[in-house]
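Descriptive structure summary
Now for the letters of each chain:
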Amino acid sequence: MLLLAKLRAARALAGAARREATADPASALLLMAAVAAVHLAPAFQFHRLGEPGRLARDGGLSALLVFGGVFAAMSAVRTVGREIESGVAAAALVRPVSRAMFLVAKTFGVVSAFARFAFALVFAAALSSVSCVVGSHMEGDDGTACVSAFCLLLGFGGEILAIAGAAFAHRFLRRGFPSTCFALIMWSQVAAFALAMLLPGHAAALGEALLWPFLLAAASVFAAVVSFACAASALSTRLKGAAAPAALAFVAAASLLMPAFVKAFPAFAALRAAIPDFGVFWLADCVSSSSPMHWSAAALPVASALAVSAFWLAAGAAMISNRDVS
C-alpha cells in the first residue's frame, strides 16, 4: 500500500509538472515560432539544395534541438528550481515521496511535456517535407524549388486557426490561453498532415520524403534534449536564479566541442557520461536516399542519452538530499 501511495504521489507530481510546462506563455510562443519556422523556411527556398525536402527535414531537426531544448531546459529549471526556492517543494514532500522521487517525477513531467512539443514538430516537418517533394514534381527538374500551396495552407494555416481557437476558448469558455494554444497547435499539425495525405499525389510522396530516416534522426535529437532536461533539473536543485541556465549553457557549449575534444584527448572519453556528445546525436547528414539509415543508427544516441540522463538524475538526487527545502 505504501508503494502504491508513492507511485500515485509521483504520478500527481509528474502531471503537475507537465501541465505547468505547457501552461507557461513562453512555451506556447516557442511552439508557435518552431512550427512557423518549419513551414515557412522551405517556402523561401528559391533554388533546390540537395534532395527535395532536405531543408524541411533539417529545419525540423534544428527546431526540435533549439526551440525544444530551450523549452525543456526552461521548464525543468522552473518546475524544480523555482519550486524549491518558493517552498512549494516542501509542501509536495509532505506526501509519501522521497526527495529523489520528487526530482525524478518532476523531470518525467517535463519530458512528457517536451514529448508533446516534439510530436507537433515531427508532424509539421513531415508535412513540410512532403510539401517540398510535391512542389519539386510540379516545377520539374530545372533546379528551382517550390512547395505545395495546399500543404503550406494546411500547416501554417492550421497553426493560425489553432491560435484563433485558443483565443476564442479563453474569451468565451474561460480556458487558459497558453495551455489551450499549445494543445491546439499540436493537434492542428496532426490534422494537417492527415488531410494532406488525402490530396492527390501527396501520399505517394511519402517514400521520397524520407520520413522513416527523419524519424530516426528526430528520435536521436529528442534523446539529446531529454538528457539536457535532466541536467537542468539536477543543476536547479542547487543553483539559484540565472546560475542554473548559465551552467546548462556551459554544458551545451561543451557538448558541441566534445567531438573535437575527445578526438584530441581520447583519455577523456569518459566525460561523455556527463556531457552529451553532439556528434553522436546529430544524424541529419544520414537522412539521404543515397545512404539509407537503419533503425539501429538511433540505438547509440538513445543509449548515450539514457546514460547521461541517469548520471544527472543521480547527481541531482545526491544534491537535493541535503538541501534545505523548507
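Values in this document were obtained by computation on a predicted structure and should not be read as measured data. (Residues numbered from 1 in each chain as written. Predicted model: local features only at pLDDT ≥ 70, side-chain atom pairs only at ≥ 80, totals over all residues. Heavy atoms only, no water.)

1. Details of the overall build of the chain
Our working rule: Starting at the N terminus, helices and strands are each numbered in turn, a helix being any DSSP run of H or I of at least four residues and a strand any DSSP run of E of at least two. Using a 1.4 Å probe on the protein chains alone, a residue whose accessible area is under 20% of its type maximum counts as buried, one over 50% counts as exposed, and one in between counts as partly exposed. Contacts: residue pairs with any heavy atoms within 4.5 Å of one another. Computed with the Shrake-Rupley method and a 1.4 Å probe, the accessible areas treat only the protein chains shown as cover for residues.
Per the secondary structure count, the chain includes eleven helices and zero strands. When the helices and strands of the chain are placed in sequence order, the string is α-α-α-α-α-α-α-α-α-α-α. In the chain, which comprises 326 residues, the proportion classed as buried is 48%. In the chain, 80% of the contacts between residues at least 6 apart in sequence involve partners at least 24 apart. Carbon together with sulfur atoms contributes 73% to the accessible area of the chain, which is approximately 15,000 Å² in total.

2. Notes on the packing of aromatic side chains
Condition: What counts as a ring pair is set by centres within 6.5 Å for rings of Phe, Tyr and Trp (its six-membered ring), and what kind of pair is set by the plane angle: stacked under 30 degrees, edge-to-face over 60, tilted for all other angles. Definition used: whenever NZ (Lys) or CZ (Arg) falls within 6 Å of the ring centre and also within 35 degrees of the ring normal, the charge is taken to sit over that ring.
Tallied over the full model, the rule gives eleven aromatic pairs. Note on F71 and F182: the rings are 5.8 Å apart at their centroids and 25° apart in plane angle, and the pair reads as stacked. One end of the pair, F71, is in helix α3 (residues 54-86); the other, F182, is in helix α7 (residues 177-196), with 111 residues separating them in the sequence. On the basis of an interplanar angle of 40° and a centroid distance of 4.8 Å, the ring pair of F168 and F172 is categorised as tilted. Remark: F172 and F168 occur in helix α6 (residues 149-172); sequence separation between them is four residues, near one turn of the helix. With relative accessibility at 49%, the residue F168 sits in the partly exposed group. By relative accessible area, which is 54% here, F172 ends up exposed. Ring pairs connect the aromatic residues F71, F114, F117, F182 and F222, which therefore count as one cluster. The ring of F172 has R171 lying over it, and the distance from NZ or CZ to the ring centre is 5.2 Å.

3. Observations regarding the side chain of E159
Inclusion rule: In this count, Lys and Arg are taken as positive residues and Asp and Glu as negative ones, while His and the chain termini are left out. We count a salt bridge whenever a side-chain nitrogen from Lys or Arg sits within 4 Å of a carboxyl oxygen from Asp or Glu.
Within the secondary structure, E159 is located in helix α6. Buried within the structure, E159 lacks any salt-bridge partner; its nearest side chain of opposite charge belongs to R116, at an N-O separation of 17 Å. For E159, the contacting residues outside a window of four places in its chain are L31, M32, V35, A36, I185, S188 and Q189.

4. Digging into the packing of helix α8 (residues 211-236) against helix α9 (residues 243-264)
Test applied: As a rule, the C-alpha atoms of each element are fitted with a line to give its axis, helices using only the stretch in contact, and angles between N-to-C directions run from 0 to 180 degrees. Working rule for handedness: look at the near helix, and if it is turned counterclockwise from the far one by less than a right angle, call the crossing left-handed; if clockwise, right-handed. Note on residue classes: Ala, Val, Leu, Ile, Met, Phe, Trp, Tyr, Cys and Pro are nonpolar, Asp, Glu, Lys and Arg are charged, and everything else, Gly too, is polar.
Axis separation between α8 and α9 bottoms out at 9 Å; the angle between their running directions is 145°. By crossing handedness, the relation of α8 to α9 is classed as right-handed. Facing F228, A231, A232, L235 and S236 of α8, the residues of α9 in contact are A244, A247, L248, V251, A252 and S255. When the residues that make up the contact of α8 with α9 are grouped by side-chain class, the tally is nine nonpolar, two polar and no charged.

5. Remarks on the packing of helix α2 (residues 25-40) against α6
The condition that has to hold: By the definition adopted for this analysis, an angle is roughly parallel if under 35 degrees, roughly antiparallel if over 145, roughly perpendicular if from 65 to 115, and oblique otherwise.
Direction vectors running N to C along α2 and α6 enclose 160°, while the axes themselves pass 9 Å from each other. Judged by the inter-axis angle, α2 sits roughly antiparallel to α6. For the crossing formed where α2 meets α6, the hand is left-handed. For the pair α2 and α6, the contacting residues are L31, M32, V35, A36, H39 and L40 in the first and L152, G155, F156, E159 and I163 in the second. Here the residues of the contact of α2 with α6 are counted per class, giving eight nonpolar, two polar and one charged.

6. Considering empty space enclosed by the protein
The condition that has to hold: Here a cavity means grid points, on a 1 Å grid over the protein atoms only, where a 1.4 Å probe fits yet cannot get out; a pocket means an open set of points with protein on both sides within 12 Å along at least five of seven lines; lining residues are those with an atom within 4 Å of a point. Grid points are joined across faces, edges and corners, and a volume is the space filled by probe spheres set on the points.
Applying the stated criterion across every chain yields a total of three cavities of 30 Å³ or more. Reported here for the second largest cavity is a volume of approximately 60 Å³. Along the walls of the second largest cavity sit L65, V221, A224, F228, S255, P276, F278, F281 and W282, which together make up its complete lining. Only α8 and α10 (278-281) provide two or more residues apiece to the lining of the second largest cavity. With three residues, α8 is the largest single contributor of residues to the lining of the second largest cavity. When the residues that make up the lining of the second largest cavity are grouped by side-chain class, the tally is eight nonpolar, one polar and no charged.

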